[in-house]
Amino acid sequence: MTTTLEPGSRILSGMRPTGRIHLGHYHGVLKNWINLQHEHECFFFVADWHALTTHYEDPRDLQTHIREMVVDWLAAGIDPGRACLFVQSQVPEHAELHLLLSMMTPNGWLERVPSYKDQQAKLKEKDLSTYGFLGYPLLQSADILLYKADAVPVGEDQVAHVELTREVARRFNFLYGREPGFEEKAEAAVDKMGKKNAKLYRNQRKAWQEQGDEGALDIAKALVENQQNLTLADKDRLLGYLEGGGRIILVEPEAALTEAAKMPGLDGQKMSKSYGNTISLRDTTEEVEQKVRRMPTDPARVRRDDPGTPEKCPVWELHKVYSDEERQEWVQKGCTSAGIGCIDCKMPVIEAMEKELAPMRQRAQEFDAQPDLVQSIIEEGNERAREQARDTLREVRAVMGLV
Ligand code: TRP
Ligand code: SF4
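All of these numbers come straight from a predicted model, not from anything done at the bench.

Each helix and strand counted, the protein chain has 18 helices and five strands in total. Seen through its C-alpha atoms, the protein chain measures out along the principal axes to roughly 85 × 45 × 40 Å. Out of the 403 residues in the protein chain, the part that is buried amounts to 48%. A fraction of 76% describes how many contacts in the protein chain between residues 6 or more apart in sequence connect residues 24 or more apart. For the protein chain, the exposed surface amounts to about 20,500 Å²; the carbon and sulfur share of it is 50%. In the protein chain, which carries 52 positive and 65 negative side-chain charges, the distance between the mean positions of the two groups comes to 2 Å.

What follows is the structure, encoded as structure tokens:
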């Protein structure tokens, strides 16, 4: 992670159910989620509506993909006792917030998101000049803002979407956080903190607003967060008053950039379903072995005694993920001197992948054998997510004139 997250921050992330989870997802995303769940309040969800924005013509496999993906998450080590797992479409508040945000989001903001034109060009065989596809990043903003998430772990390609989310939140707060009599209400809230705290708050606010002292801003924020006897609305007012704007209703999230853990695929390109170079979490021992055995190697190694260059070989990329220094040295020496053959070189990779996959495969089988258990995990997650979602929407409806 490049961002330092405070323990206890609220984290939210989603994944589109487009098929089986593969090792690219595992190394690039899931391992990170699994680490985060120990220190933070995590919400992880299946973005099934997002899947429909590009796969609307063929929804036949959607339910299967959703179930399989949740099982794969569980098998990989996402713990439903720690993280809230849910399915986007089962929390209809996402759609309502999306609709309400669409009222105040300029078209230009959506047309300018880089993935909009990129994906349309890339997926030429699909007609993506749809309303839903244009709204893709705004639906994502609704996903994030609904939970008032502090941080969103995403890859590079999603950073623009988090940036849009911040702009939407800012605009929303600007438009609807300015309740009549804001200053008076904020001042009254300051007094409710008691003499000592009120004085501290006022001094820090002054230091921030007049001298730009960030330390003072942090102290004042912490002070507000720690007030036990203030209502949520009052806390929001005090936070907004600090920054000089109105009340903060929707929280601007940070993008917690996932380290560029680009898992190489079987051909040396990034592992991705669209390149057909994946190893899935469900591949059998035999499939893994076959796939790695068939991997192309340095084309200079035509015969066993031709020396090769690991840097020109996708198998080397996998050694970088799976092998310790000693083994990597063995590859370097053996390859460049033709001391080892390519099959020798592939064996430790096959073993390492097998070691990683075997327990996951086992757990996936156990969950597959208990569909009721999986169903109840999802339903509990949906319910927990909805509680938070309902609270946010209540506030949003109220400030937008809807009761
Ligand atoms: N757009 C994301 C992707 O393609 C998936 C997603 C949907 C998401 N909603 C989200 C990710 C909210 C983070 C937060 O990977
Ligand atoms: Fe690739 Fe290993 Fe063969 Fe060298 S020995 S070409 S690194 S598989």
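On we go.
Burial analysis of strand 1 (residues 10-15) places five of its six residues in the buried class, the great majority of the element. When strand 1 meets strand 2 (residues 41-46), the two strands line up parallel, connected through six bridges. Bridging across to strand 2, M15 finds its partner in V46. For the crossover that starts at strand 1, traverses helix 1 (residues 23-39) and ends in the parallel strand 2, the hand is right-handed.

Every residue close to ligand 2 is listed here: T297, D298, R301, P310, C313, V315, V331, C335, C342 and C345. Residue composition of the shell around ligand 2, by class: seven nonpolar, one polar and two charged.

Moving on to the site of ligand 1. Looking at ligand 1, there are 13 residues lining it, with R16, Y136, Q140, D143 and Q158 nearest. Within the side chain of D143, a nitrogen or oxygen atom sits 2.7 Å from a nitrogen atom of ligand 1. Elements supplying a minimum of two residues to the shell around ligand 1: strand 1 and helix 8 (136-146). Examining the composition of the shell around ligand 1, we find that four residues originate from one element, helix 8, more than from any other.

A few words on the pairing of strand 4 (residues 151-154). The alternating pattern of strand 4 places A151 and P153 on one face and V152 and V154 on the opposite face, and all of these are buried. Where strand 4 lies against strand 5 (residues 254-257), four bridges are found, and the strand directions are parallel. Directly across from P153, in strand 5, lies its bridge partner A256.

Following the criterion strictly, the structure yields 25 salt bridges and no others. Note that E93 and R386 form a salt bridge whose closest N and O atoms lie 3.1 Å from each other. Residue E93 is located in helix 4 (residues 93-102), and its partner R386 is located in helix 18 (residues 371-399); the two are separated by 293 residues in the primary sequence. For E93, a relative accessible area of 6% puts it in the buried group. Classification of R386 as partly exposed rests on a relative accessible area of 22%. Within this structure, D72, R282 and D368 form a network of salt bridges that share partners.

Together, E6, D150, D213, E214, D218, E225 and E254 make up a negatively charged patch on the protein surface. By residue number, the principal contributor to the negative patch is helix 12 (residues 214-225), which donates three residues. Its location among the elements puts D218 in helix 12. Residue classification places D218 among the partly exposed residues on the basis of a relative accessible area of 48%.

So, about the domain arrangement of the protein chain. For the protein chain, the assigned domains are domain 1 (10-176 + 252-262 + 371-399), domain 2 (182-243) and domain 3 (282-368). A separation of 58 Å is found between the C-alpha centroids of domain 2 and domain 3.

Our next topic: the packing of aromatic side chains. For the coordinates displayed, the defined rule picks out nine aromatic pairs. For the pair W33 and F44, a centre-to-centre distance of 4.3 Å together with 0 degrees between the ring planes defines the contact as stacked. Of this pair, W33 sits in helix 1 while F44 is found in strand 2, placing the two residues eleven residues apart along the sequence. Neither W33 nor F44 differs from the other in exposure class; each is buried. Ring geometry for F86 against Y147: centres 5.5 Å apart, planes inclined by 45 degrees, an arrangement best described as tilted. Taken as a pair, F86 in strand 3 (residues 84-87) and Y147 in the loop between helix 8 and strand 4 lie far apart in primary sequence, 61 residues in all. Judged on exposure class, the residue F86 and its partner Y147 are both buried. Ring pairing ties together the aromatic residues F43, F45, F86 and Y147, which thus form one cluster. Looking at R205, its charged tip hangs above the ring of Y241, at a distance of 3.6 Å from the centre.

Another aspect to go through is the environment of D391. Summarising the element assignment, D391 is placed in helix 18. A C-alpha to C-alpha distance of 8.8 Å links D391 and L146, two positions 245 residues apart in sequence.

Mapping S13 onto the fold places it in strand 1. Of the residues examined, S13 reaches a relative accessible area of 4% and is grouped as buried. Here P153 takes part through its backbone oxygen, which lies 3.0 Å from a polar atom of the side chain of S13. Not counting the four nearest positions on each side in its chain, S13 is found in contact with W33, F43, F44, F45 and P153.

What counts as what
- Residues numbered from 1 in each chain as written.
- Chains lettered and ligands numbered in written order.
- Predicted model: local features only at pLDDT ≥ 70, side-chain atom pairs only at ≥ 80, totals over all residues.
- Heavy atoms only, no water.
- Helix = DSSP H or I, 4+ residues; strand = E, 2+ residues; numbered from the N terminus.
- Buried < 20%, exposed > 50% of the residue type's maximum accessible area, 1.4 Å probe, protein only.
- Contact = heavy atoms within 4.5 Å.
- Areas by Shrake-Rupley, 256 points an atom, 1.4 Å probe, with all protein chains shown as cover.
- Lys, Arg positive; Asp, Glu negative; His and termini not counted.
- Charge placed at Lys NZ, Arg CZ, Asp CG, Glu CD.
- Pairing = 2+ DSSP bridges.
- Right-handed = clockwise from strand over helix to strand, strands pointing away.
- Near = heavy atom within 4 Å.
- Nonpolar A, V, L, I, M, F, W, Y, C, P; charged D, E, K, R; others polar.
- Polar contact = N/O pair within 3.5 Å; in protein donor to acceptor, adjacent residues only side chain to side chain.
- Salt bridge = Lys/Arg side-chain N within 4 Å of Asp/Glu carboxyl O.
- Patch = residues over 30% accessible without salt bridge, like charges linked within 9 Å, V, L, I, M, F, W, Y side chains within 5 Å.
- Domains from an automatic or database assignment.
- Phe/Tyr/Trp six-rings, centres within 6.5 Å; stacked < 30°, edge-to-face > 60°.
- Lys NZ or Arg CZ within 6 Å of the ring centre and 35° of its normal.

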